[in-house]
Amino acid sequence: MEKIKRTIALRIICTILIIAYIIFIIWGLIKPFNLHKAWFSIALNFLGAILITKSVFFNLDSSMFLGVSLYFMSFIGIVHSFVLFENLISYYFLAFSCACLVVFFIFRQNIHFNLFALSLLEVIILILIKNNFSLAIFWIVQGGFIAFILSLIMVSIIKAKERKSAVSK
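Residues numbered from 1 in each chain as written. Predicted model: local features only at pLDDT ≥ 70, side-chain atom pairs only at ≥ 80, totals over all residues. Heavy atoms only, no water.

### As for unusual backbone geometry
Filter applied, for reference: Numbering of helices and strands runs from the N terminus, with a helix taken as a DSSP run of H or I at least four residues long and a strand as a DSSP run of E at least two residues long.
Of note in this structure, N59 is not a glycine but carries a positive phi near 55°. Of note, N59 is situated in the loop between α2 (39-58) and α3 (61-82). For R108, which is not a glycine, the phi torsion comes out positive at approximately 55°. Structurally, R108 can be placed in the loop between α4 (88-107) and α5 (110-131).

If you want it as structure tokens, here you go:
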């Protein structure tokens, strides 16, 4: 028996997850167990599973990043449906940050670790500002944060031009 192609396997998995989602929705209509609060998060969970599977099959870091992000965001959404969080936006940034860390561990690309560090800093800023500081201080800190990121981008552009000119000589 010959091996099944990855694209056909991905289509089969997508079909199974779509059928599972339809079953969850119908089950929520027949036997109400508060699924109506989390239907969107469950859909994100299934989409994340499809993208993670695609990433594993085709070794794609972008699919892994989006899939893990959707998976973590669906987890936060499901938990938020039953337990209300006070500072929800910081948890979504934390999901983005954790997705960057997971992709860094799998693909070992430094950009994902840098994104993890920057988004984790953003989560800390959001939590501190929400609890202790005024809006003016928030915008000052955010402005400094954006200026720092722009300076890092400028330095990387300058270094890339220097390396390119050194190679061409």
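### Observations regarding the packing of helix α1 (residues 6-30) against α2
Rule in force here: A fitted line through C-alpha atoms serves as each axis, taken over the contacting stretch for helices, and the angle formed by two N-to-C directions is quoted from 0 to 180°. With respect to orientation, any angle under 35 degrees is reported as roughly parallel, any angle over 145 as roughly antiparallel, any angle of 65 to 115 as roughly perpendicular, and every other angle as oblique. By definition, residues are in contact when any of their heavy atoms lie within 4.5 Å. Three residue categories are used. Nonpolar comprises Ala, Val, Leu, Ile, Met, Phe, Trp, Tyr, Cys and Pro, charged comprises Asp, Glu, Lys and Arg, and polar comprises the others, including Gly.
At a closest axis distance of 10 Å, the pairing of α1 and α2 adopts a crossing angle of 170°. Viewed along their axes, α1 and α2 adopt a mutual orientation that is roughly antiparallel. Each of R6, T7, A9, L10, I13, C14, L17, A20, Y21, F24 and I25 in α1 lies in contact with α2, whose residues at this interface are W39, I42, A43, F46, A49, I50, T53, K54, F57 and F58. Its residues assigned to classes, the contact of α1 with α2 shows 17 nonpolar, two polar and two charged.

### A short note on α2
Just so we agree on the cut-off: What a helix should span is 1.5 Å times the count of its residues minus one. Exposure classes here rest on a 1.4 Å probe applied to the protein chains alone. A residue is buried below 20% of its type maximum, exposed above 50%, and partly exposed in between.
With 20 residues, α2 extends 29 Å from end C-alpha to end C-alpha; this agrees with the ideal 28 Å at 1.5 Å per step. Within α2, burial applies to S41, I42, A43, L44, F46, G48, I50, L51, T53 and S55. Looking at the buried residues of α2, the elements they touch are α1, α3 and α4. Once α2 finishes, N59 follows within two positions and takes phi at roughly 55°, a positive value.

### Some words on a nonpolar patch on the surface
So the rule is basically this: Here the term patch refers to residues with relative accessible area over 30% and no salt bridge, with like charges joined within 9 Å and nonpolar side chains (Val, Leu, Ile, Met, Phe, Trp, Tyr) within 5 Å. Calculation of accessible area relied on Shrake-Rupley with a 1.4 Å probe; when residues are assessed, cover is drawn exclusively from the protein chains displayed. By definition, a salt bridge exists where a carboxyl oxygen of Asp or Glu is found within 4 Å of a side-chain nitrogen of Lys or Arg.
On the surface, I18, I22, I26, L29 and I30 cluster together into a nonpolar patch covering about 530 Å² of accessible area. Here I30 is to be found in helix α1. Of the residues examined, I30 reaches a relative accessible area of 64% and is grouped as exposed.

### Concerning the nonpolar core
The nonpolar side chains of a soluble globular protein tend to be buried with one another. Quick reminder of the rule: What we call a nonpolar core is a set of buried Ala, Val, Leu, Ile, Met, Phe, Trp, Tyr and Cys residues that are connected through their side-chain atoms within 4.5 Å.
Among the nonpolar cores identified, the biggest contains eight residues, and these are M64, F65, V68, A99, C100, V103, F107 and F116. For this core, the secondary structure elements donating two or more residues are α3 and α4. Looking at this core, the element that brings in the most residues is α4, giving four residues. If near-sequence neighbours (up to four positions away) are discounted, C100 is found in contact with F65, H112, L115 and F116. Core analysis: the second largest hydrophobic core is formed by five residues, I125, L126, I129 and F138 among them.

### Here we look at the side chain of S41
As for its placement among the helices and strands, S41 is situated in helix α2. S41 has contacts with S74, G77 and I78, leaving out every residue within four places of it along the chain.

### A few points about the side chain of S55
Mapped onto the fold, S55 is located in helix α2. With a relative accessible area of 2%, S55 lands in the buried category. In this view, S55 contacts L60, S63, M64 and F107; residues no more than four positions away in its chain are not counted.

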